[in-house]
Amino acid sequence: MDKQMQMAFLGIAESQLEKAIHDIWSSLCAWRLWTLFGYNDVKMRYRRSTLGPFWASLSMAFQVFVTGFVMAYLFHMTLQRYLPYICIGLIIWSFLTTIVSEGANAFISSSELILQVKRPLFVYLLQVVWRNIIVGAHTVVIFFVVALLFGLFPTSAYLLAIPGFVLFLVNCVWAAGAVAILSTRFRDIPLIVTNAFMALFWLTPVVYQLDQLSGPIKTVISYNPLYHAIEVFRAPLLLTEPSATNWLVAIATAAFGWLFLLLLFARTRKRIPFWL
Amino acid sequence: MNIKPSIKASSVVPVSGRQARISARDLSLDFPIYDIASRSLKQLLMVRPIATVLRGASQVGASHVGGSIATGAGGTVVVRAIDKMSFEIEEGARIGLIGHNGAGKTTLLRTMAGIYEPTSGVLETAGHVMPLFNLMEGMMPDATGREFIRIRGVLLGLEPHQLESLAEDVIEFCELGSYIDMPVRTYSTGMLVRLAFALSTSVSPDILLFDELIGAGDARFVSKAQERLKSFVERSSIVVVASHSRAILDQWCNRLFLLEHGKLIADGPVRDVLEEYDRRTAAQNA
């Protein structure tokens with residue numbers, strides 16, 4: 001009874017929530033579809049280039065070295081400490097931003113397929129996720145090279161990076177999903193997202209470290225959930241341990257984010273084909 | 001609702017089992033139309049409070065004007081694309097949908113396919129539905145013919161071992177030779193149609209939905225295609241085809257639905273409904 005009242009308050013029929021969850025579940029089960037589609041996207045994007053997806057690695061390497069040298073000079077930091085940090089930071093940041101901003105077009109760019117056959121909608125989002133995991137796997141190679149060059153040899157601390165990555169990915173997916181739905185309805189959202197990320201880049205410790213800050217700005221930035229979501233994956237790769245706060249905030253963000261996505265999806269799922 | 005999320009089909013054995021059936025009672029569907037302006041946030045923020053953001057234009061109700069266009073919440077235009085249709089389609093039915101442009105043929109097909117969910121009323125479907133609205137589904141210009149077959153096979157829900165026999169069957173039928181390993185963007189239109197046609201007709205659904213029937217390619221291929229199309233259609237228990245062509249309706253259908261402004265005006269044998277259609281067209285022109 002209580003639950004029904006709450007759902008009624010939010011304006012969502014319970015069956016809609018069930019259908020939304022069913023959509024996500026059957027999408028996950030259709031892994032053959034989104035892995036093939038995501039893989040094909042990457043293959044087609046680089047089809048006629050010589051380096052293929054290693055272009056992603058190359059441009060990441062370029063970006064890391066240029067930013068790394070300039071920033072190390074500005075902050076008077078030793079490259080040995082700084083370069084691995086900024087390298088993995090930029091790789092994670094670009095993964096996050098591409099997954100969310102490409103997620104914005106997940107439904108729009110698949111509109112032909114969506115209007116052709118009844119299929120769970122989440123498939124098209126997972127396609128974007130998978131495509132970015134493939135590209136991300138090519139860029140993260142740069143980090144391992146840099147880490148070895150600067151003497152960060154893998155230890156058992158790396159193991160924590162696995163749950164860290166999973167948690168980070170879970171956060172990326174809800175954000176991409178929410179943006180995908182809202183962008184289909186409001187075509188301004190992709191542009192807003194791009195701009196928001198430009199601002200967030202400087203409000204998130206990626207090219208600088210939180211410890212370099214002090215005073216109120218440090219407090220403000222330490223409230224940024226993006227920082228915690230990134231840190232649970234980044235810290236283990238730099239052979240440090242994420243703090244309990246990092247884990248808690250990242251988990252809480254994932255929980256609230258997914259709750260938001262589920263409610264949004266329950267409410268909009270049947271309208272998405274009309275919006276295309 | 002009994003619509004399966006994915007189509008299970010096989011290139012060799014038809015998958016059926018249950019009796020195929022489509023049944024509708026008071027089926028209605030409101031279609032919100034978003035132009036560029038009403039899609040943008042600016043308009044939304046200026047005219048509507050946030051609370052109605054996602055409700056969009058779901059209510060038509062009292063403001064429903066005359067024909068089929070109404071204004072929903074916040075000024076979004078709503079078209080009642082399907083208006084209280086009721087029908088029963090049993091096994092063996094070959095239904096043709098006729099009506100003027102915008103009468104609701106495509107929307108009805110998409111609703112039968114489960115792509116659009118009804119606004120009110122009931123639509124029940126039993127059997128595997130396969131819509132064939134776009135032969136080129138899943139086509140990427142840089143993919144090779146062989147890759148396209150694979151993409152399409154996975155789209156159809158085939159298992160890896162079925163993909164092999166699908167590829168063999170399709171390659172043999174479309175006679176593309178070594179072109180099968182070239183990117184599809186290098187194909188001529190005729191070659192594309194051959195490949196897409198061979199792929200689309202390689203599985204056996206229970207319920208087949210067409211938006212205009214297929215037909216292209218060179219003369220020799222056309223007769224070969226006709227044969228394949230015929231056996232493809234015969235394998236399905238229910239076929240629904242929207243068409244303007246009398247030849248197609250005469251050849252393929254045993255029952256017609258006449259649609260007008262989203263309403264089901266007539267439902268009966270081909271000859272009777274065509275007569276009714278002609279009478280109405282003549283009356284409108286007079």
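Because the structure is predicted, anything quoted here is derived from the model rather than measured.

So, on to the overall build of chain B. A tally of regular secondary structure across chain B gives 9 helices and 10 strands. If you take every contact in chain B between residues at least 6 apart in sequence, the share linking residues at least 24 apart comes to 72%.

Another aspect to go through is the pairing of strand β9 (residues 255-260) of chain B. Residues and elements named next belong to chain B. Across 4 bridges, strand β4 (residues 94-98) lies against β9 in parallel orientation. Following the sheet pairing, L97 is matched in β9 by F257. In the sheet, β9 pairs with strand β10 (residues 263-268) via 5 bridges, with the strands oriented antiparallel. Looking at the pairing, F257 lines up with D267 of β10. Connecting β9 to the next strand, β10, in antiparallel fashion are 2 residues, including H261 with a positive phi near 45°.

All names here are of chain B. Between helix α5 (residues 160-174) and helix α6 (residues 189-200), the shortest axis-to-axis distance is 9 Å and the interhelical angle comes to 140°. In this view, α5 runs oblique relative to α6, as classed from their interaxial angle. Considering the relative orientation of α5 and α6, their crossing is right-handed. The segment α5 lies against α6, with V170, F173 and C174 engaging R194, L195, A198 and L199. Residues belonging to the contact of α5 with α6 are distributed by class as follows: 6 nonpolar, no polar and 1 charged.

Let us look at the nonpolar core. Grouped together as the largest cluster of nonpolar side chains are 136 residues, with contacts concentrated most on C87(A), A176(A), V179(A) and L209(B). Ranked by residues supplied to this core, first place goes to helix α5 (residues 79-103) of chain A with 14 residues. Among all residues touching C87(A), those that are not within four sequence positions of it are V64(A), G68(A), I142(A), F143(A) and V146(A).

Next up on the list: helix α2 (residues 14-29) of chain A. The terminal C-alpha atoms of α2(A) lie 23 Å apart, and with 16 residues this matches the ideal 22 Å at 1.5 Å per residue to within 8%. The elements touched by buried residues of α2(A) are α7 (122-149) and α12 (244-268) of chain A.

Before going further, it helps to examine the domain arrangement of chain B. All names here are of chain B. Entries for chain B in the domain assignment read domain 1 (21-127 + 246-285) and domain 2 (132-236). Counting from both sides, the interface comprises 9 residues of domain 1 and, opposite them, 6 residues of domain 2. The set of elements that each furnish at least two residues to the side of domain 1 that touches domain 2 consists of α3 (105-112) and α8 (246-252). Ranked by the residues each element gives to the side of domain 1 that touches domain 2, the list is headed by α3, at 3 residues. Partitioned by chemical class, the residues of the side of domain 1 that touches domain 2 number 6 nonpolar, 3 polar and no charged.

Residue and element names in this part refer to chain A. Orientation of helix α4 (residues 54-75) relative to α5, taken along the N-to-C sense of each, is 135°, at an axis distance of 9 Å. Of the possible angle classes, the one that applies to α4 and α5 is oblique. Note that α4 runs across α5; the crossing there is right-handed. Across the interface between the two elements, M60, Q63, V64, T67, G68, M71 and A72 of α4 pack against L79, Y82, L83, I86, C87, L90, I91 and S94 of α5. Considering only residue class, the contact of α4 with α5 consists of 11 nonpolar, 4 polar and no charged.

Listed per partner, the contact involves 26 residues of chain A and 28 residues of chain B. Mapped by element, the contributors of at least two residues to the side of chain A that touches chain B are α3 (31-45), α6 (111-114), α12 and α13 (272-275) of chain A. Here the side of chain A that touches chain B is built from residues that sort into 12 nonpolar, 4 polar and 10 charged.

Okay, the environment of V170(B) next. Residues and elements named next belong to chain B. Among the structural elements, V170 can be located in helix α5. For the pair V170 and I149, spaced 21 residues apart in sequence, the C-alpha to C-alpha distance is 8.0 Å. Apart from the residues lying within four places of it in its own chain, the contact partners of V170 are I149, A198, L199 and S202.

A few words now on the sheet that holds strand β7 (residues 207-211) of chain B. Residue and element names in this part refer to chain B. Read across the sheet, 6 strands follow the order β6-β7-β8-β4-β9-β10 without closing on themselves; strand pairing throughout is mixed. Each end of this open sheet is capped by a strand with a single partner; those strands are β6 (129-132) and β10. Adjacent strand axes in the sheet meet at a mean angle of 15° when their direction is disregarded. Together, β4, β6, β7, β8 (238-242) and β9 form the strand contacts of α3, whose direction differs from that of β8 by roughly 150°.

Looking at the element boundaries, T97(A) is found in helix α5. For the pair T97(A) and N40(A), spaced 57 residues apart in sequence, the C-alpha separation works out to 21 Å.

In this section: unusual backbone geometry. One non-glycine residue, D26(B), lies in positive phi territory at about 50°. Note on placement: D26(B) falls in strand β1 (residues 21-33).

Let's shift gears to α5(B). With 15 residues, α5(B) extends 21 Å between its outermost C-alpha atoms, agreeing within 8% with the 21 Å of an ideal straight helix rising 1.5 Å per residue. Immediately beyond the C-terminal end of α5(B), within one or two residues, lies E175(B), with a positive phi of roughly 50°.

Conventions adopted
- Residues numbered from 1 in each chain as written.
- Chains lettered and ligands numbered in written order.
- Predicted model: local features only at pLDDT ≥ 70, side-chain atom pairs only at ≥ 80, totals over all residues.
- Helix = DSSP H or I, 4+ residues; strand = E, 2+ residues; numbered from the N terminus.
- Contact = placed C-beta atoms within 7 Å.
- Pairing = 2+ DSSP bridges.
- Axes fitted to C-alpha atoms, helices over the stretch in contact; angles between N-to-C directions.
- Parallel < 35°, antiparallel > 145°, perpendicular 65-115°, else oblique.
- Left-handed = near helix turned anticlockwise from the far one by under 90°.
- Nonpolar A, V, L, I, M, F, W, Y, C, P; charged D, E, K, R; others polar.
- Core = buried A, V, L, I, M, F, W, Y, C linked by C-beta atoms within 7 Å.
- Buried ≥ 20, exposed ≤ 12 C-beta atoms within 10 Å, placed from the backbone.
- Expected span 1.5 Å × (residues − 1).
- Domains from an automatic or database assignment.

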